[in-house]
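# Fold and contact review
Chain residues, written in single-letter form:
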Amino acid sequence: SSDVCSSDLTREPLLMLRIPEFEEAIIGPALVWQNNKRVGVMVYDAEEIRRLLMEREGMDFQEAREYIELTIEGGYFGDDSPVIVWRYDQPWMDY
């Protein structure tokens, strides 16, 4: 039992996939379960990504949301794929 506790407390550097063009939208790191192991992932604020896309790329509100849904949420980049959080918008309500 103490072996489990001591190994749980061991701090090792986490390698997390990042989206460089959206560093400003990082909320922070999180640990999630993927394929029966704990994996470090980076968590992003979807509304901030949308704002950046509208500002930098000239997308409108809906275009930016669709871009996020198709290219970030819809992509699988490995076990450490980023997590996108819609803090205010509720995209699942559209379905």
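Residues numbered from 1 in each chain as written. Predicted model: local features only at pLDDT ≥ 70, side-chain atom pairs only at ≥ 80, totals over all residues. Heavy atoms only, no water.

### Regarding the overall build of the protein
A tally of helices and strands in the protein yields three helices and three strands. Along the chain direction, N to C, the helices and strands of the protein fall in the order α-β-β-α-α-β. Sequence separation of 24 or more characterises 54% of the internal contacts of the protein that already satisfy a separation of 6 or more. (Helix = DSSP H or I, 4+ residues; strand = E, 2+ residues; numbered from the N terminus. Contact = heavy atoms within 4.5 Å.)

### Quick look at unusual backbone geometry
Backbone geometry places Asn35, a non-glycine residue, at a positive phi of 50 degrees. Within the secondary structure, Asn35 sits in the loop between strand 1 (26-34) and strand 2 (37-45). The exposure class of Asn35 is exposed, given its relative accessible area of 59%. A positive phi angle, near 65 degrees, is found at Asn36, a position not held by glycine. Inspection of the secondary structure assignment puts Asn36 in the loop between strand 1 and strand 2. (Buried < 20%, exposed > 50% of the residue type's maximum accessible area, 1.4 Å probe, protein only.)

### Overview of the sheet that holds strand 2
One open sheet accounts for three strands, arranged 1-2-3; its pairing is mixed. Either end of the sheet is taken by a strand with one partner, and the two such strands are strand 1 and strand 3 (83-85). In this sheet, adjacent strand axes meet at a mean angle of 35 degrees when their direction is disregarded. In the sheet, strand 2 pairs with strand 3 via three bridges, with the strands oriented parallel. Across the sheet, Val43 pairs through a bridge with Val83, a residue of strand 3. Its contacts with the sheet put helix 2 (residues 46-57) on strand 2 and strand 3, and the angle it makes with strand 2 is roughly 45 degrees. (Pairing = 2+ DSSP bridges. Axes fitted to C-alpha atoms, helices over the stretch in contact; angles between N-to-C directions.)

### Details of the pattern of salt bridges
In total, this model carries seven salt bridges according to the counting rule given. Here Arg51 ties to Glu55 by a salt bridge, and the two come within 2.8 Å at their closest N and O atoms. Taken as a pair, Arg51 and Glu55 lie in helix 2 at a separation of four residues, close to a single helical turn. Across the salt bridge formed by Glu69 and Arg65, the nearest N and O atoms sit 3.1 Å from each other. Note that Glu69 and Arg65 are positioned in helix 3 (residues 61-73) at a spacing of four residues, about one turn of the helix. (Salt bridge = Lys/Arg side-chain N within 4 Å of Asp/Glu carboxyl O.)

### A closer look at the confidence of the model for the protein
Mean pLDDT over the protein: 82, with 78% of residues reaching 70 or higher. For the protein, the element scoring lowest by mean pLDDT is helix 1 (residues 2-9), at 36; helix 2 scores highest, at 97. (pLDDT = per-residue confidence, 0-100.)

### Focus: the environment of Ile84
Position of Ile84 among the secondary structure elements: in strand 3. Sequence separation of Ile84 and Tyr44 is 40 residues, and the distance between their C-alpha atoms is 4.9 Å. Leaving out residues up to four positions away in the same chain, Ile84 has contacts with Tyr44, Ala46, Ile49, Ile68, Ile72 and Glu73.

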